[in-house]
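# Working through the structure, step by step
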Amino acid sequence: MESLEDELARARDLDVADLADAIESIGFECTRCGACCTAEDGCGDEGGASDPDGGDPHTATVFPDEIRRLQAAGDYDFRDVARPMPYGLTEGPEGLEGETFEWALRTDECGDCTFYEESDDQGACTVHDDRPLVCRTYPFSVALGGTSQPLGEAVDRAGLVRAHECEGLGRDIDRDDAEDLAAALKTRAIRELEEAIQVRDRYEPADPGPGEVVVHDSEGAKGPDGELR
């Protein structure tokens, strides 16, 4: 099995032109449907994030520097931008507790990304210019062992590029747009692996108490407010 360092070297050697070729062969155009920004079910009659029988809230990984950029862009508090990644946390008598790794974009009471808005049946990102890499590159990922696959398994693939469920797949894409997307995809692959290595190297068991949440990221162990413990 390759080490994270080996995978990082592979990520740095990725050819943007090859990635763009793969994206072109799959095809993509954003339809602004909002599916990648919202919970599996909304707050309607069939359940939602506040309904235990509804779907899962939207979950998008955001790194510490991306959080700070979003904070600066809108003069937001840390908790307005990010929440602890829910995986590994449990619901205790005093609320969520335990240890987790990394941050997810903040969601609203319906489980939708708090930066998502909709008008005339079209979705929009209110922080589009400062959105995280995982949002910039959706619905694509790179098939390296230490990089993530957003929202489930791949539905199409070409070379090292994987495409995930999205109604915009299969549409013609301009070469310049494919190259921009490919460059962001390479940056994301590198960034995810660098982050994983730093988290691994900094990790020390935190032993959180009842009602306490500890988030491990590349900068160390933090509380839900983003402050180092």
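Just so it is clear, the model here is predicted, and its values are computed rather than measured.

## Structural notes on the packing of aromatic side chains
Going through the model one piece at a time under the given rule, you end up with four aromatic pairs. Residues Phe-28 and Phe-140 carry aromatic rings whose centres are separated by 5.8 Å and whose planes lie at 85° to one another, so their mutual orientation is edge-to-face. Note that Phe-28 is positioned in the loop between helix H2 (16-26) and strand E1 (61-62) and Phe-140 in strand E8 (residues 140-142), a separation of 112 residues in sequence. For the pair Phe-28 and Phe-140, one class covers both residues: buried. Both rings, one in Phe-101 and one in Tyr-203, keep their centres 5.5 Å apart while their planes meet at 45°; by these two values the pair is tilted. One end of the pair, Phe-101, is in strand E4 (residues 95-101); the other, Tyr-203, is in the loop between helix H6 (175-202) and strand E11 (213-217), and 102 residues separate them in sequence. Given a relative accessible area of 41%, Phe-101 falls into the partly exposed group.

## Let's talk about the sheet that holds strand E5 (residues 103-105)
Ordered in space as E1-E5-E2, the three strands form an open sheet in which the pairing is antiparallel. Across the chains shown, the open sheet's two edge strands, defined by having one partner strand only, are E1 and strand E2 (82-84). With three bridges connecting them, E2 and E5 associate as antiparallel partners. Directly across from Arg-83, in E5, lies its bridge partner Ala-104.

## Here we look at the environment of Phe-63
Checked against the element boundaries, Phe-63 lands in the loop between E1 and helix H3 (64-74). Note on Phe-63: relative accessible area 7%, which makes it buried.

## Some thoughts on empty space enclosed by the protein
For the structure shown, the criterion picks out one cavity of 30 Å³ or more. Size it by volume and the largest cavity reaches roughly 30 Å³. Lining the largest cavity we find Ser-141, Val-142, Thr-147, Ser-148, Leu-185, Arg-188, Ala-189 and Glu-192. Broken down by element, the lining of the largest cavity gets its largest block of residues, four residues, from H6. Considering only residue class, the lining of the largest cavity consists of three nonpolar, three polar and two charged.

Calculation notes
Residues numbered from 1 in each chain as written. Predicted model: local features only at pLDDT ≥ 70, side-chain atom pairs only at ≥ 80, totals over all residues. Heavy atoms only, no water. Phe/Tyr/Trp six-rings, centres within 6.5 Å; stacked < 30°, edge-to-face > 60°. Helix = DSSP H or I, 4+ residues; strand = E, 2+ residues; numbered from the N terminus. Buried < 20%, exposed > 50% of the residue type's maximum accessible area, 1.4 Å probe, protein only. Pairing = 2+ DSSP bridges. 1 Å grid on protein atoms, 1.4 Å probe; cavity = no way out; pocket = protein on both sides within 12 Å on 5 of 7 lines; lining within 4 Å. Points joined across faces, edges and corners; volume = space filled by probe spheres on them. Nonpolar A, V, L, I, M, F, W, Y, C, P; charged D, E, K, R; others polar.

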